[in-house]
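Each chain, letter by letter, is given below.
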Amino acid sequence: MNMLLLLQAVFLGIVEGVTEFLPVSSTGHLIIAGDFIGFSGPLATVFEVVIQLGAILAICVLYARKLLGVAFGLASDPAARHFAIAIIIAFLPAAFFGFLLHDFIKSVLFNPAVVCASLILGGVAILAIERWRPQPRYAAIEELTPATSLKIGLFQCLAMVPGVSRSGATILGALLLGVERKTAAEFSFFLAIPTMLGATVLDLWKSRHLLDADDSAVIAVGFVAAFVSAIFVVRWLVAFVSRHSFVAFGWYRILFGAALAGYFWAL
């Protein structure tokens, strides 16, 4: 077994788990990280898809009580139904546009130049939104109107551009629509479950010819690394946004994007 390949899998799994739910773009970081360590080819294509499931599983584990409560309460609890409807409505735009634009996005936009530009512009957006966002009107997901949920879902579609960040687009969109910061982060977590699961299934289907049983160990290692690191990051992020703004992430995106642009320009 190739030990270097396993170490690369651990590294990229951690990158996925750490960045998936932060407003910094996991896809952008995976593209850059994979480029730096030379992790490419058919294995990389499948690997980067499957390890997202590790991050999804982390949310399912951390919020198992909430998710089970919603599932068992759909028939009798109006709050559970409202929660489920809000997530479904917010998911629909990404399901529609993701299926429609999947091939174009993968073939045209997945490159370092797009990632660098998206990181910088996204950082500027974070700083602007944190400065001028309206006062919060929604303190819980169950309070969101269908129209607000749909608008958050439309914001999520911006993350189809690599480097934008799915969590960043949904969280910042929610802040602009008057959602309280912690609630915006948690809504992004829950919305990630159907969105990432749908995207992963679509990617796996389109990449099914690349699947190879010999690569299962490498993929499994990356999956576990993504799961474990996401557990820690999600817990930390919930505590962080309860006391702080997202400004630090905005500056990180700008500095990281500028550094990457300089690096690729110098090549």
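Because the structure is predicted, anything quoted here is derived from the model rather than measured.

1. A short note on the overall build of the protein
A count of helices and strands for the protein gives 11 helices and zero strands. Listing each helix as α and each strand as β along the protein from the N terminus yields α-α-α-α-α-α-α-α-α-α-α. Its C-alpha atoms give the protein a radius of gyration of 18 Å, near enough to 18 Å, the size a compact globule of 267 residues would have. Seen through its principal axes, the protein has C-alpha atoms that stretch 50 × 40 × 35 Å. Evaluated residue by residue, the protein yields a buried proportion of 48% over its 267 residues. For the protein, the exposed area adds up to about 12,600 Å²; of that, 72% sits on carbon and sulfur atoms. Looking at charge distribution, the protein has the averaged site of its 16 positive side-chain charges lying 11 Å from that of its 15 negative ones.

2. Examining the pattern of salt bridges
Any two side chains of opposite charge can pair, so long as their charged atoms come close to each other. Evaluation of the coordinates by the stated rule reveals four salt bridges. A salt bridge links R133 to E130, with the shortest nitrogen-to-oxygen separation between them at 3.6 Å. On the basis of relative accessible area, E130 is assigned to the buried category, the value being 12%. Residues E130 and R181 are paired through a salt bridge, measuring 2.8 Å at the closest nitrogen-oxygen approach. With a gap of 51 residues between them, E130 in helix 6 (residues 112-132) and R181 in helix 9 (residues 181-206) connect regions that are remote in the sequence.

3. With respect to the nonpolar core
Of all hydrophobic cores here, the largest spans 46 residues; its most connected members are F21, F187, F189, F246 and F249. Within the residue set of this core, elements represented by two or more residues are helix 3 (42-62), helix 5 (78-109), helix 6, helix 8 (166-176), helix 9 and helix 10 (216-241). Among the elements that take part in this core, helix 9 stands out by supplying nine residues, more than any other. In terms of nonpolar packing, the next biggest core, distinct from the first, is built from 16 residues, A9, V15, V218 and A226 among them.

4. Here we look at the packing of helix 1 (residues 3-19) against helix 3
At their nearest, the axes of helix 1 and helix 3 sit 10 Å apart, and the two run at 50° to each other. Taken as axis vectors, helix 1 and helix 3 run oblique relative to one another. Note on packing geometry: the crossing formed by helix 1 with helix 3 is right-handed. Residue-level inspection shows L5, A9, L12, G13 and E16 of helix 1 in contact with helix 3, the latter providing L43, F47, I51, Q52 and A55.

5. A word on the environment of S25
Here S25 shows up in the loop between helix 1 and helix 2 (26-37). Classification of S25 by relative accessible area gives buried; the value is 2%. The spacing of S25 and R81 is 56 residues in sequence and 31 Å in space, taken between C-alpha atoms. In contact with S25, other than residues within four places in its own chain, are T19, L119, P162, G163, V164, S165 and R253. A distance of 3.2 Å separates a polar side-chain atom of S25 from the backbone nitrogen of G163.

6. Regarding the side chain of T170
Looking at the element boundaries, T170 is found in helix 8. A residue is classified by how much of its surface remains accessible, and T170, at 1% relative accessible area, is buried.

7. Looking at the packing of helix 2 against helix 6
Where helix 2 meets helix 6, the axes come as close as 10 Å, and the angle between the chain directions of the two elements is 135°. If you check the angle between helix 2 and helix 6, you find them oblique. Of the two elements, helix 2 crosses helix 6, and the hand of that crossing is left-handed. Facing G28, H29, I31 and I32 of helix 2, the residues of helix 6 in contact are P112, V115 and L119. In the contact of helix 2 with helix 6, the residues fall into five nonpolar, two polar and no charged.

8. A closer look at the environment of V124
Relative to the helices and strands, V124 is located in helix 6. When the C-alpha positions of V124 and Q156 are compared, they lie 17 Å apart, and in sequence the two are 32 residues distant.

What counts and how
Residues numbered from 1 in each chain as written. Predicted model: local features only at pLDDT ≥ 70, side-chain atom pairs only at ≥ 80, totals over all residues. Heavy atoms only, no water. Helix = DSSP H or I, 4+ residues; strand = E, 2+ residues; numbered from the N terminus. Rg over C-alpha atoms; globule rule 2.2 N^0.38 Å. Buried < 20%, exposed > 50% of the residue type's maximum accessible area, 1.4 Å probe, protein only. Areas by Shrake-Rupley, 256 points an atom, 1.4 Å probe, with all protein chains shown as cover. Lys, Arg positive; Asp, Glu negative; His and termini not counted. Charge placed at Lys NZ, Arg CZ, Asp CG, Glu CD. Salt bridge = Lys/Arg side-chain N within 4 Å of Asp/Glu carboxyl O. Core = buried A, V, L, I, M, F, W, Y, C linked by side-chain atoms within 4.5 Å. Axes fitted to C-alpha atoms, helices over the stretch in contact; angles between N-to-C directions. Parallel < 35°, antiparallel > 145°, perpendicular 65-115°, else oblique. Left-handed = near helix turned anticlockwise from the far one by under 90°. Contact = heavy atoms within 4.5 Å. Polar contact = N/O pair within 3.5 Å; in protein donor to acceptor, adjacent residues only side chain to side chain. Nonpolar A, V, L, I, M, F, W, Y, C, P; charged D, E, K, R; others polar.

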